[in-house]
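Structural description and commentary
Take a look at the letters that make up each chain.
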Amino acid sequence: MPGDTMHNHNQTSITVTDPVCNMTVDPDQAAEHLEHDGQTYHFCSHGCAQKFQADPQAYITDGDGEDESCHHHHHEHKHEEHAPQATSANAIYTCPMHPEVEQVGPGQCPKCGMALEPKSVSPSDTNEENGELTDMTRRFWGSLVFTVPVLLLAMGPMVGLPIDKWLGHTVARWSELVLSLPVVLWAGWPFFVRGWRSVITRNLNMFTLISLGVLAAFGYSLVATLAPQVFPPSFHHEPGQVSVYFEAATVIITLILLGQVLELRARRQTSGAIRALLDLAAKTARRINDDGNEEEIPLENVQIGDKLRVKPGEKIPVDGELIDGKSTVDESMITGEPVPVSKEPGDSLTGATVNQTGSFIMQAKRVGDETLLAQIVQMVAQAQRSRAPIQRVADIAAGYFVPAVLLVSIITFAVWALWGPQPAMAYAIVNAVAVLIIACPCALGLATPMSIMVGVGRGAQAGVLIKNAQALEVMEKIDTLVVDKTGTLTEGKPKLVAIETHQDWQAQSLLRLAASLERQSEHPLAQAIVQSAKDREIELLDPQDFESITGKGVTGKVDEKAVALGNRALMDQLAVDIDELVQRADDLRSEGQTVMYFAVDGKPAGLLGVADPIKESTQQAVKHLHESGIDIVMLTG
C-alpha cells in the first residue's frame, strides 16, 4: 500500500514501500521523493518516480487521503497492547533470498521474482498450502505435455524418427508453433513478468537472461513460420523453409520450471522445521470468565491477563504465572531436563510445556509473538533468511555477471553474423541465445541462500538451533564441541538401572514392594520404578497408609509390611541403620545415579538406583567426532 510505514520490532529503522514496484526503501536513502495530495512518496529509482509522476492514481490503492504511515503506527501500538500477533491485513512479507526486501502483504520480490513469504510465522501460515509451488507444479506438467511432442518433431530425425517427413515440413512446423504457444505464453509467463520487473527495477537477474533467450528463440521461429519470405535466401535450407527453434524455447521453459519446482519443494521441506516447532504449542486454551464459567477458545484469542485453567496432561497454552493450585510440569522442551519441575503459586510457566499431575489456574503474561516458543520460531525463521558473508561476494559478482553475459551475447551475435558460415544470421541467433541460457546465474544467485535455508531447517529438525547464516558458515572452523548431558548424550528419561539387595532380600521381591508403594506417588523417579516393575511383569499390590514426606521420600504399608523409600534423611527419621549400605550408595552416585534407600519393618532392605541411560548412538557419535579432530567437552549440572 502506498505510504505504508513498516516497523520492524527488532530494529529501530523505519522503511516505506515504493508504490510502483513495491520494493522496501529507506526514506533517508530513497532515490527520489515526490509529493502528491499532501503526502510524500519515496522511490527506489528514478524510473519508478517517473512512472508515478506520469499517472499517480494508477499506483495509489487507498484513495481516502489518510496518511497510511500514521494510521499503521497507531494501529500497531493498539495491537501490541492487547495481542501482539500479526494479522493478514498488515502482515509484513519478505523475500526468502533477499531479506532486505519487505512489503505489506504478499507479492513478488523485485530483485529475484520469487513469491514473498510472511516475515512473522504463525500456526495459520504453516497450515496454508504453498500456492507458488502448486502453480509452478501445474505449469511444469502442462509444459512437459506440450514440450515432448515439440522435441520429437524437431529432434526426431536425429534419432531415426523423421516425423517431419511423415507429416510434411509445413504441417510439422505449424504443429510445433501451436504446441509451443501454451508453453511460452502460459507456462513461461511468470518468467517474463519477473524478467520485465528486473529490467524496470534495474535488478538484472537470471530471469532477465531466461526471458531474453526464450523470446529471441520463439520470436525468431514465429516470424520464420508466419513470414519466411522476409528472411534472405541464405536463411533458407529449402525453398520457402527457414529453420525454427521452437524446441529450444519450450525445453528451456520446462527445465527452468522443473528447477523452480525442486527449489520450492526444498523450501517447503525446510519450513517443516518451523512447523514442527509450532506444533509444540497448544491449539486452544480454557479461559475462566469473570462469572466463573470456563470456555475453550482458540490460542490466538488469549489476551494478557486472562485466567486459564490447565488440566493434567495438557500443554500450557501461553507464558504466564501460576496463581492457584500446584503441579509438576515437563519442561524438557525448553531445558532438556527429563525430571518435571514442581510448580506452586507465584512460579512462572512457559507455553508449550506439558502439565503432568495437578490441575491449576494460571494468568497469561506473554501471548502471541512474545512467548518463548514464538521467539524461538522467529529465530529459526530469521536464521533461514539471514545472509552469510560469502553471499555478499555472490551478490556483487551477480551484479556484474548479468550485464557481462548480455554483452557477451551481443558480441557472439555480431561475430557469428559477420564472420559465421551460412546461414550466418541463423547461427548468430542460436549461439547468442545459447550464451544467454547457459550462462544463467542460477547457481550463483541461489546456491548460497538455498544451502542456508536447508542447513538451518535441517538443524532445527535435529534439535540444533542456528542463530544466523554467519554462525553456519564458520562452523567448519570449529575444533571443540561443548555438549549438555541430559537428552544429548543420554536418553533424557529416568530409568531404574540398579537394584542392590541387603541380607536375604531378593531383587524381585524388593522391587515388588517398592513399586507397589510408589504407585501412589506422582514423582518422576517413582514412575521410573513403577515402569521397571511393569516391564518385568511384576504384579503390584495396593499400598495402605501412604504418605509422601517432602524432601525425604515416601512411607506406607504393602502386604502388611511397613515400607519406606527415600534418602538418608528419611532413614534417620525412621531410625533405620543404613551404615552397611552407605559405601555402596556413594559408589552408585559416583556413576551418576540417584540413589534411594529401601527399608522394610524398620530394617534396611537394599538400594534402588535411578539414572538417565546413555543413548545407544552416543558412543558412535563421540567416536566419529573424535576421528574428525573435534574435542568434546561435557558441560552439565
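Small disclaimer: the values here were computed from a predicted structure and weren't measured.

A word on the sheet that holds strand β19 (residues 360-366). With antiparallel pairing, six strands are arranged side by side in an open sheet as β12-β11-β13-β19-β14-β17. The two strands at the open ends of the sheet, each matched to only one other strand, are β12 (294-298) and β17 (348-349). Examined bridge by bridge, strand β14 (residues 319-324) and β19 share five bridges and lie antiparallel to one another. Along β19, the bridge assignment pairs Glu 321 with Gln 363.

As a further point, take the packing of aromatic side chains. Summed over the entire model, instances satisfying the criterion amount to five aromatic pairs. Judged by centre distance (5.6 Å) and plane angle (20 degrees), the ring pair of Phe 191 and Phe 207 falls under stacked. Linking Phe 191 in helix α7 (residues 189-200) with Phe 207 in helix α8 (residues 206-226), this pair joins segments that are 16 residues apart in sequence. Taking relative accessible area as the criterion, Phe 207 reaches 2% and is therefore assigned buried. Ring geometry for Phe 218 against Phe 246: centres 5.8 Å apart, planes inclined by 65 degrees, an arrangement best described as edge-to-face. Highlighted residues: Phe 218 in helix α8 and Phe 246 in helix α9 (residues 246-278), separated in sequence by 28 residues. The exposure class assigned to Phe 218 is buried, which follows from its relative accessible area of 7%.

This paragraph deals with the packing of helix α4 (residues 131-155) against helix α6 (residues 169-187). Geometry of a packed helix pair, given as the angle between the helix axes and the separation of the axes. Following both chains from N to C, one finds α4 and α6 inclined at 160 degrees, their axes separated by 9 Å at the closest point. Our classification of the angle between α4 and α6 gives roughly antiparallel. For the crossing formed where α4 meets α6, the hand is left-handed. Every residue of α6 that contacts α4 at Arg 138, Arg 139, Gly 142, Ser 143, Phe 146, Thr 147, Pro 149, Val 150, Leu 153 and Ala 154 is listed here: Ala 172, Ser 175, Glu 176, Leu 179, Ser 180, Pro 182, Val 183, Trp 186 and Ala 187. For the contact of α4 with α6, the class distribution of residues is 11 nonpolar, five polar and three charged.

Let's shift gears to the sheet that holds strand β7 (residues 102-104). Pairing in this open sheet of three strands is antiparallel, and the strands run β7-β6-β8 from one edge to the other. Single-partner strands in this sheet number two, and they are β7 and β8 (117-118). Pairing analysis gives two bridges linking strand β6 (residues 92-94) to β8, with the strands arranged antiparallel. Residue Tyr 93 lies in a different strand from β8, and its bridge partner there is Pro 118.

Grouped together as the largest cluster of nonpolar side chains are 31 residues, with contacts concentrated most on Val 184, Phe 191, Val 214, Ile 253 and Leu 257. Setting aside residues up to four positions removed in sequence, Val 214 forms contacts with Val 184, Phe 192, Gly 219, Ala 249, Ile 252 and Ile 253. Core analysis: the second largest hydrophobic core is formed by 30 residues, Val 318, Met 362, Val 380 and Ile 466 among them.

Our focus in this paragraph is helix α19 (residues 579-590). Helical geometry note: an α-helix holds 3.6 residues per turn, so side chains three or four residues apart project in the same direction. The end-to-end C-alpha distance of α19, which contains 12 residues, comes to 18 Å, matching closely the 16 Å that a straight helix rising 1.5 Å per residue would cover. Considered for burial, the residues of α19 that qualify are Leu 581, Val 582, Ala 585 and Leu 588. End-on, the buried residues of α19 take up no more than an arc of 130 degrees, which puts them together on one face. Exposed side chains of α19 directed beyond 90 degrees from the buried face belong to Glu 580, Gln 583 and Ser 590. Buried residues in α19 make contact with β21 (495-501), α18 (568-573), β25 (594-600) and β26 (603-611).

With 12 residues, helix α17 (residues 524-535) should reach 16 Å at 1.5 Å per residue; the first-to-last C-alpha distance of 16 Å fits that figure. Buried within α17 we find Pro 524, Leu 525, Ala 526, Ala 528, Ile 529, Val 530, Ser 532 and Ala 533. On its buried side, α17 packs onto β21, α16 (507-518), β24 (561-566), β25 and β26. Looking one or two places after α17, you find Glu 537, whose phi comes out positive at around 60 degrees.

Cut-offs and rules
- Residues numbered from 1 in each chain as written.
- Predicted model: local features only at pLDDT ≥ 70, side-chain atom pairs only at ≥ 80, totals over all residues.
- Heavy atoms only, no water.
- Pairing = 2+ DSSP bridges.
- Helix = DSSP H or I, 4+ residues; strand = E, 2+ residues; numbered from the N terminus.
- Phe/Tyr/Trp six-rings, centres within 6.5 Å; stacked < 30°, edge-to-face > 60°.
- Buried < 20%, exposed > 50% of the residue type's maximum accessible area, 1.4 Å probe, protein only.
- Axes fitted to C-alpha atoms, helices over the stretch in contact; angles between N-to-C directions.
- Parallel < 35°, antiparallel > 145°, perpendicular 65-115°, else oblique.
- Left-handed = near helix turned anticlockwise from the far one by under 90°.
- Contact = heavy atoms within 4.5 Å.
- Nonpolar A, V, L, I, M, F, W, Y, C, P; charged D, E, K, R; others polar.
- Core = buried A, V, L, I, M, F, W, Y, C linked by side-chain atoms within 4.5 Å.
- Expected span 1.5 Å × (residues − 1).
- Arc of directions from axis to C-beta.

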